[in-house]
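Analysis of the macromolecular model
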Number of protein chains: 2
Amino acid sequence: CGRPALLDIMSFLIPGVFSLAHCLVGEGGERTVLGAFFACYVDHFGFLENRTFQQRYLIADQYWKKDGGSILFYTGNEGDITWFCNNTGFMWEVAEELNAMLVFAEHRYYGESLPFGNKSFSDSKHLNYLTSEQALADFAILIQHIRKTIPGAQNTPVIAIGGSYGGMLAAWLRMKYPHVVDGALAASAPIWQFEDLVPCGVFSRIVTNDFKKSGKGCSESIRNSWEAIKRISSTGNQLPMPPQHLCSSKNCISQAVCTVTLWVISHHFLPLDLPLQVACKFLKDPSLSDKLLLQNIFQAINIYYNYSGVASCLNISHTATKNLGEAGWYYQVCTEMVMPMCTDGVNDMFEPEKWDFQAFSEECFKLWGVRPRPSWILSVYGGKNISSHSNIIFSNGGLDPWSGGGVTQNITNSLVAIVIPEGAHHLDLRSSNPCDPESVRQARALEVHYMKQWIGKARQRH
Amino acid sequence: CGRPALLDIMSFLIPGVFSLAHCLVGEGGERTVLGAFFACYVDHFGFLENRTFQQRYLIADQYWKKDGGSILFYTGNEGDITWFCNNTGFMWEVAEELNAMLVFAEHRYYGESLPFGNKSFSDSKHLNYLTSEQALADFAILIQHIRKTIPGAQNTPVIAIGGSYGGMLAAWLRMKYPHVVDGALAASAPIWQFEDLVPCGVFSRIVTNDFKKSGKGCSESIRNSWEAIKRISSTGNQLPMPPQHLCSSKNCISQAVCTVTLWVISHHFLPLDLPLQVACKFLKDPSLSDKLLLQNIFQAINIYYNYSGVASCLNISHTATKNLGEAGWYYQVCTEMVMPMCTDGVNDMFEPEKWDFQAFSEECFKLWGVRPRPSWILSVYGGKNISSHSNIIFSNGGLDPWSGGGVTQNITNSLVAIVIPEGAHHLDLRSSNPCDPESVRQARALEVHYMKQWIGKARQRH
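Small disclaimer: the values here were computed from a predicted structure and weren't measured. Within each chain, residue numbers correspond to sequence positions counted from 1 in written order. For this description, chains carry letters from A and ligands carry numbers from 1, given in the order in which they are written. Residue-level local features of this predicted model are given only where pLDDT is at least 70; pairs of side-chain atoms are given and counted only at 80 or more, and the full residue set underlies all totals for whole chains, interfaces and linings. With hydrogens and water set aside, each side-chain value is computed from the structure's full complement of heavy atoms.

1. Overview of the overall build of chain A
Condition: Strands here mean DSSP runs of E at least two residues long; helices mean DSSP runs of H or I at least four residues long; both are numbered from the N terminus. Whether a residue is buried, partly exposed or exposed follows from its accessible area with a 1.4 Å probe, protein chains only, as a fraction of its type maximum: under 20%, in between, or over 50%, in that order. In this description, contact between two residues means that some pair of their heavy atoms is separated by no more than 4.5 Å. To measure how exposed things are, a 1.4 Å probe is used in the Shrake-Rupley method; for residues, cover is taken only from the protein chains shown.
Within chain A one finds 14 helices and eight strands. By residue count, 63% of the 462 residues in chain A fall in the buried class. Put simply, of all contacts in chain A between residues at least 6 apart along the chain, 75% involve residues at least 24 apart. Surface exposure of chain A reaches about 16800 Å², of which carbon and sulfur atoms provide 52%.

2. Some points on the packing of aromatic side chains
By convention here, two paired aromatic rings are described through the distance between centres and the angle between planes. Spelled out, the test is: A pair of Phe, Tyr and Trp rings is counted when the ring centres sit within 6.5 Å of each other, with Trp represented by its six-membered ring. The angle between the planes then sorts it: under 30 degrees is stacked, over 60 is edge-to-face, the rest tilted. The criterion for a charge sitting over a ring is simple: Lys NZ or Arg CZ within 6 Å of the ring centre, and within 35 degrees of the ring normal.
In total, this model carries 33 aromatic pairs over all chains according to the counting rule given. Aromatic side chains B:Tyr74 and B:Phe84 sit 5.6 Å apart centroid to centroid with 20 degrees between the ring planes, which places their arrangement in the stacked category. Taken together, the residues B:Tyr74 in strand 3 (residues 70-75) and B:Phe84 in helix 1 (residues 81-87) connect sequence positions 10 residues apart. Taking the centre distance of 4.8 Å and the plane angle of 50 degrees together, the rings of B:Tyr165 and B:Trp329 count as tilted. Highlighted residues: B:Tyr165 in helix 4 (residues 165-176) and B:Trp329 in helix 11 (residues 324-333), separated in sequence by 164 residues. Put simply, the rings of A:Tyr74, A:Trp83, A:Phe84, A:Trp92 and A:Phe104 pair up and form one aromatic cluster. We note A:Lys176 situated over the ring of B:Tyr177; from NZ or CZ to the ring centre the distance is 4.3 Å. The ring centre of B:Tyr41 lies 3.6 Å from the NZ or CZ of A:Arg373, which sits over that ring.

3. Concerning the interface of chain B and chain A
In plain terms, the rule: By buried area we mean how much accessible surface two parts lose on assembly, using a 1.4 Å probe and totalling the loss over both. Take a side-chain nitrogen of Lys or Arg and a carboxyl oxygen of Asp or Glu: if they are within 4 Å of each other, that pair is a salt bridge. Between N or O atoms, a polar contact is any pair within 3.5 Å; within protein, one atom must be a potential hydrogen donor and the other a potential acceptor, and residues adjacent in sequence are included only when both atoms are from side chains. Basically, the charged four are Asp, Glu, Lys and Arg, the nonpolar ten are Ala, Val, Leu, Ile, Met, Phe, Trp, Tyr, Cys and Pro, and anything else, Gly included, counts as polar.
Taken together, the contacts link 40 residues of chain B with 40 residues of chain A. When chain B packs against chain A, the two sides together hide about 3500 Å² of surface, and 56% of this comes from carbon and sulfur. In terms of surface lost to chain A, no three residues of chain B exceed B:Phe45, B:Phe47 and B:Arg373, which account for 26% of the buried area on that side. The tally of links from chain B across to chain A stands at zero salt bridges. Counting across the chain B and chain A interface gives 19 residue pairs in polar contact (both at pLDDT 80 or more). The set of elements that each furnish at least two residues to the side of chain B that touches chain A consists of helix 3 (132-149), helix 4 and helix 13 (376-381) of chain B. When its residues are assigned to classes, the side of chain B that touches chain A shows 14 nonpolar, 16 polar and 10 charged.

4. Some thoughts on the pattern of salt bridges
If you walk through the whole model with that rule in mind, you get 24 salt bridges over all chains. Among the salt bridges present, the one from A:Glu106 reaches A:Arg56, with a minimum N-O distance of 2.8 Å. Of the two residues, A:Glu106 is situated in the loop between strand 4 (100-105) and helix 3 (132-149) and A:Arg56 in strand 2 (residues 52-60); the sequence distance between them amounts to 50 residues. The pair formed by A:Glu106 and A:Arg56 is uniform in burial state, with each residue classed as buried. In this structure, the salt-bridge partner of B:Glu438 is B:Arg441, at a minimum N-O distance of 3.6 Å. Taken together, the residues B:Glu438 and B:Arg441, both in helix 14 (residues 438-461) and three residues apart, mark about one turn of the helix. Three or more residues joined by partner-sharing salt bridges are found here, namely A:Arg56, A:Asp80, A:Glu106 and A:Glu112.

5. Concerning the state of the cysteines
Note: disulfide means a covalent bond formed between the sulfur atoms of two cysteine side chains. All names here are of chain A. To keep things clear, this is the line we draw: Disulfides are defined in this document as cysteine sulfur pairs within 2.5 Å.
Under the criterion given, the structure shown has six disulfides over all chains. In this model Cys200 forms its disulfide with Cys342; the gap between the sulfur atoms is 2.1 Å. Taking the torsion about the S-S bond as the criterion, the Cys200 to Cys342 disulfide, at about 90 degrees, is right-handed. Note that Cys200 is positioned in the loop between strand 6 (183-187) and helix 5 (202-213) and Cys342 in the loop between helix 11 (324-333) and helix 12 (357-368), a separation of 142 residues in sequence. With a relative accessible area of 24%, Cys200 lands in the partly exposed category. Paired by a disulfide, Cys334 and Cys364 hold their sulfur atoms 2.0 Å apart. A torsion of -80 degrees about the S-S bond marks the disulfide between Cys334 and Cys364 as left-handed. Placement of Cys334 in the loop between helix 11 and helix 12 and of Cys364 in helix 12 is noted, with a sequence separation of 30 residues between them. Grouping residues by exposure puts Cys334 and Cys364 together as buried. The thiol sulfur of Cys40 is not disulfide-bonded, and the nearest other cysteine sulfur, from Cys85, lies at 19 Å. Residue class for Cys40 comes out buried when judged on its relative accessible area of 2%.

6. Description of the environment of B:Trp368
Relative to the helices and strands, B:Trp368 is located in helix 12 (residues 357-368). Taking the C-alpha atoms as reference, B:Trp368 lies 28 Å from B:Val202; in sequence the two are 166 residues apart.

7. Considering the sheet that holds strand 7 (residues 392-397) of chain A
Residue and element names in this part refer to chain A. Cut-off, in case you're wondering: By this definition, two strands are paired if DSSP reports at least two bridges between them. Note on method: axes are straight lines fitted to C-alpha atoms, helices fitted across the in-contact stretch only, with angles between N-to-C directions ranging 0 to 180 degrees.
Taken in spatial order, the eight strands of this open sheet run 1-2-4-3-5-6-7-8, and their pairing is mixed. Only two strands of the sheet have a single partner each, and these edge strands are strand 1 (34-41) and strand 8 (415-420). Here the strands of the sheet are splayed against their neighbours by 20 degrees on average, with no regard to which way each runs. Of the strands in this sheet, strand 1, strand 2, strand 3 (70-75), strand 4 and strand 5 (158-163) touch helix 3, which is tilted by about 60 degrees from strand 2. In this fold helix 14 (residues 438-461) packs onto strand 3, strand 5, strand 6, strand 7 and strand 8, with an angle of close to 165 degrees to the strand it touches most, strand 8.

8. Description of the relation of the copies chain B and chain A
Filter applied, for reference: Residues reaching a pLDDT of at least 70 in both copies supply the C-alpha atoms on which the copies are superposed by least squares.
Superposition of chain B onto chain A requires a rotation of 180 degrees combined with a translation of 0.0 Å along the rotation axis, giving an RMSD of 0.1 Å. One copy is carried onto the other by what is essentially a two-fold rotation axis. Ranked by how close their C-alpha atoms come to the rotation axis, the residues of chain B are headed by B:Lys176, at 3.0 Å. Mapped onto chain A, 100% of the interface residues of chain B again fall at the interface, so both copies present the same surface.

9. Brief notes about the confidence of the model for chain A
Residue and element names in this part refer to chain A. The test is simple: Confidence of the predictor in every single residue is expressed as pLDDT, which spans 0 to 100.
Averaged over every residue, the pLDDT of chain A is 82; the share at 70 or more is 80%. Low confidence marks residues 242-273, where pLDDT is under 50. Its contacts with residues over four positions away, or in another chain, come to 100 contacts. Segment residues 308-324 is flagged for pLDDT under 50; beyond a separation of four residues in sequence, or across chains, it makes 35 contacts in the model.

10. So, the packing of helix 5 of chain A against helix 6 (residues 218-234) of chain A
Residue and element names in this part refer to chain A. The condition is simple: Roughly parallel covers angles under 35 degrees, roughly antiparallel covers those over 145, roughly perpendicular covers 65 to 115, and oblique covers all other angles.
The geometry of helix 5 relative to helix 6 is characterised by a closest axis approach of 6 Å and an angle of 125 degrees between their N-to-C directions. With respect to their mutual orientation, helix 5 and helix 6 come out oblique. Counting all contacts with helix 5, which are made through Thr208, Phe211 and Lys212, the residues of helix 6 involved are Cys218, Ser219 and Ile222. Residues belonging to the contact of helix 5 with helix 6 are distributed by class as follows: three nonpolar, two polar and one charged.

11. So, the side chain of B:Glu133
With respect to the element layout, B:Glu133 can be found in helix 3. At 2.8 Å, the side chain of B:Glu133 forms a polar contact with the side chain of B:Trp376. Residues contacting B:Glu133, with those up to four places away along its chain left out, are A:Phe45, B:Phe45, B:Glu336, B:Trp376, B:Val380 and B:Tyr381.

12. Re helix 14 of chain B
All names here are of chain B. We apply this condition: Multiplying one less than the number of residues by 1.5 Å gives the expected span of a helix.
For helix 14, spanning 24 residues, the distance from its first C-alpha to its last is 35 Å, which sits close to the expected 34 Å at 1.5 Å a residue. Every buried residue of helix 14 is listed here: Ser439, Val440, Ala443, Arg444, Glu447, Val448, Tyr450, Met451, Trp454, Ile455 and Ala458. Tucked inside the fold, the buried residues of helix 14 contact strand 3, helix 2 (89-95), strand 5 (158-163), strand 6 (183-187), strand 7 (392-397) and strand 8 (415-420).

13. Some remarks on the sheet that holds strand 3 of chain B
Residues and elements named next belong to chain B. Across the sheet, eight strands lie side by side as 1-2-4-3-5-6-7-8; this open sheet has mixed pairing. Looking at which strands have only one partner, the edges of the open sheet turn out to be strand 1 (34-41) and strand 8. The average undirected angle you get between the axes of adjacent strands in this sheet is 20 degrees. Across eight bridges, the pairing between strand 1 and strand 2 (residues 52-60) is antiparallel. By the bridge assignment, Ala36 is partnered in strand 2 with Tyr57. Running at roughly 150 degrees to strand 5, helix 4 makes contact with strand 3, strand 5, strand 6 and strand 7 of the sheet. Where helix 14 meets the sheet, its contacts fall on strand 3, strand 5, strand 6, strand 7 and strand 8, and the angle it forms with strand 8 comes to roughly 165 degrees.

14. As for unusual backbone geometry
The phi angle at A:Asn99 is positive, at roughly 45 degrees, despite the residue not being glycine. In this structure, A:Asn99 sits in the loop between helix 2 (89-95) and strand 4. Its identity is not glycine, yet B:Ser164 carries a phi of approximately 60 degrees, on the positive side. Relative to the helices and strands, B:Ser164 resides in the loop between strand 5 and helix 4. By relative accessible area, which is 2% here, B:Ser164 ends up buried.

Dropping the structure here:
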C-alpha cells in the first residue's frame, strides 16, 4: 500500500503547502450537501456592536431519520468549510449507521463567513470578534436554530466532531455548551499545548522522532542542514535551491521561519499524504559537504512541491493580505491561541531556540496591534482540570506532533483517550482506506461505539 | 418574635427603598475583612481593548486553615460588595466549621469596581463590558489569582455562594468554570425567569398570594386601588398622598411604575424586614370609597417609609444618573437579563399588563442605545437543560416571588433544590436569628452538609 499512514510532517518545514480542495456544494454524487447561511451576531459578548453576519454551514440530511437519528456537527476550524466537508470522510461513512444529519459549520472569519466582508482583516478593530468563544457561541446558536427550524429535529441528539483546532472547538463546545451537544469527538486536539502544561519542546521532539523512524540519517541530515545554510549564506554563495522554490525573503528557508511554520502551518489540515520515507530517501548521509547536503534537502523538497502542486514558496510577510485563512489563524495565535514552541537541537533536529514570549508579543503587536494573553485559554477552558466534564473522546495519532499537547490517557469513564500509534494528524476523521492500519480501524469503531452510547442516553432524556 | 420571615415585598410597590449599610472594611469586631483590588482585563472576550481595571474584593482569612480548609467565594451582584459582606451572615457563621477563607468579590460596574471610573456609565460604549459573562471571567481569574498567590491556598476547594442575581452567578460560575469552583450555593436565583421557561405572571401571582396570606382584604384593596387612582386623577383631584411621598412624575405610583418596579427594585437585596402583616392592617376593607381606600394605602406606605427612613420617592427617569448601582442593573436588564413580567388582574392584584417585548426594546434603545437579546441567556447558560452539570444547591423561599423562576425540584443527585416555605428572598444567606423558622435552620444545615461533601471530594482529587 502506498499510504500506510498519513504523514504530512514535511509540510511543517515548508510554508504554504496547503490548498483547498474543490467545493462539493451543490454537486452530484454521494456527498451532496446544501450550503446555507445563518445570521449570527458579530459580538455575542457585548451589545454595542449589534450587527449580524452570515455564517455559512453545509448540511446533508439524506441519511437522517427523524426517529432515532442524530446530528453530527463539524465544528469548523481555520479554513473554508468545504475543505473540511471534503476531508472528513469519517462523518460520511458513519452517517448511515447513526441515521445522522451532517452539518459542517464554518468558523467565523474563514471561508465565506466573514463578519465584515473584505474588511474583516483590515485592522484589529475588525478582527476583534475572531475568538474561539465567539465561534463556540456561533455553533451553539446554529445548533439551536437547526433543532428549532427543521421539523422533527427538536430533540435529536448532537455530537460535535472536529480535528486539530476544530477538535479543540468540539471538546470546548461540549464543555461550555453541554445543553447543546451531547458529546464530542476531538480528533488530534492539542488542548494542553498552552502555557506550561506540556514542555514547549514536545512538538519538535515528536517531529524529529518521525524523521528518525523514516530513514537512517534523515533527522541528522536536517539537523546539519541549518549550519550548512548559514555557512553558504555567509560566504555570499547562492543556495543550491531551484529558483521557483526561492522565496523573496532570504529567510524563508531559515530556522526562524521553520519555527514559525511549526506552529502556524501545521495547524492546518494538510491535504498531502507524502510518506516521509520518500523524502528521507534523499537524506541518508548527514556527513556530506554543505552543498551536497543542501542539494539533497532541496531534492526532497522538490518532490514535495511536485506532489503538492504548490509552485512557489509562501512569503510569510505577505500572509495577511495573501491568504485570509492564514491571516485569521495568525491573529488567533497572536491573541488567545498562544502555543509555546521551542527547540534544543539535541532532542530535536532543529536549531536551539527558546520560547521567547516577549519577542512573540512584540511581533504580534507590530502585526496586529494586539497583545497575546497566554493564560486566558487555561482560565476559560480549564487546562488539565477538566474531570467534571463528560462525553468527550480525545483521539491522537502517535506520529502526530500535536499529540504532545493532546489528551492521551483516559481522564474518566466518559472522558476517554484513544491513541492510534501509526496515525498522524486526525487520520481517524479521514475516509477509510484499504491501507489504513488496524489501529485506526479500531479507533473509528470505538468512536462510533461511544457516540452511539451518548446518543442513546441523550434520547432517553427527551 | 417580630420577624417570623423576611417579607420585604412591600418594596416592590415603592421604588427607591434600599440603601447601603455602612461599610465594615477595616473595622474591628468579628467580621473584620480586608479590602483589596485585583487588576482585571476590561474585556476578556476581545483583544482590542487591552486596558485593565481594579476589581475590588474583600477577604477574611481568620477562620481559614491551610490544611483541610476551604474558600467560600461570594459572587457579588448588582451593588457595593460591602453590602453583601454585611448581609450574608450565613457565610460568617459557617466559616469556622468549614475552616473557610471568605472572599467577597465585587461585580464589575458596581461599588468601587468601575472599569472606566466616573465614565463607566456615560454611554453604551463604556457600558459594553457590563455582562454576566465578563463578571464570571473576573471571578474565575480572581479565584485562580488567590489560589496562586496565597501560600497554602493552591489546592483549597472553593464553593461559590450568591443570592438573587449573585445566586445566578454562583450557579453559572460552577457551570462554566467547574475547574475553578467545586460547587455552588445559589440562593433565590431565578435562573429560569427568562423567555418562556416560566409563565410571565408567576412573579405577580406569588406577590399577590403573599399579600393574601398577610391579611383579609389586603390584596383586594391593592387591586381596587389602581382604578381608584385613575378615577381620582381623571377628575383632577389631588391624590390623598402626603407631599413628601409624591413623585415629580405623576406616574410614579401608577401601574406602569409598579410593573417596572417589580422586576427592577425587587432584584436588589432589600434591607428591610417589614412584615407584610403590618401594612395589611391598613388594608382590610377593599370596598371603601376611592378616597378612603387610597388614604389607607398611603398610610401603609407611610409606615413603610418611616420604617425604611427613605424620605422621598425615587424618580425613575433620573435613575441612570442618580444611582450608579441601579443604572448598571437597568443596563443589564436591557441587554441580557431580560426577564419577562406580566400581570392579568385576575390571578394577581395588579392591572392587567401583557409582556410587550417590542415596547421594552424601544425603551432600552432610547435609554442606552442597545437592544435586548432575550434568548441569549438561555443559549449560553442552558435554560432548563442543565442536568449534565453538578454540585449546585438551588435554595428558594416559598414566599419569595423570585422562586417562580427558580429551581425548586431536584434535577440530579448533585443539582439539588431546597424550598424554605416560610422564607422570602434568600433568607438562608442572612445571619441566623432566634426567630428563624425551622425550615431555614434545616435548609442551612443541609447546605453545609452538601458543601462539606463537595469540599471533601475536591480535596481527594488534589
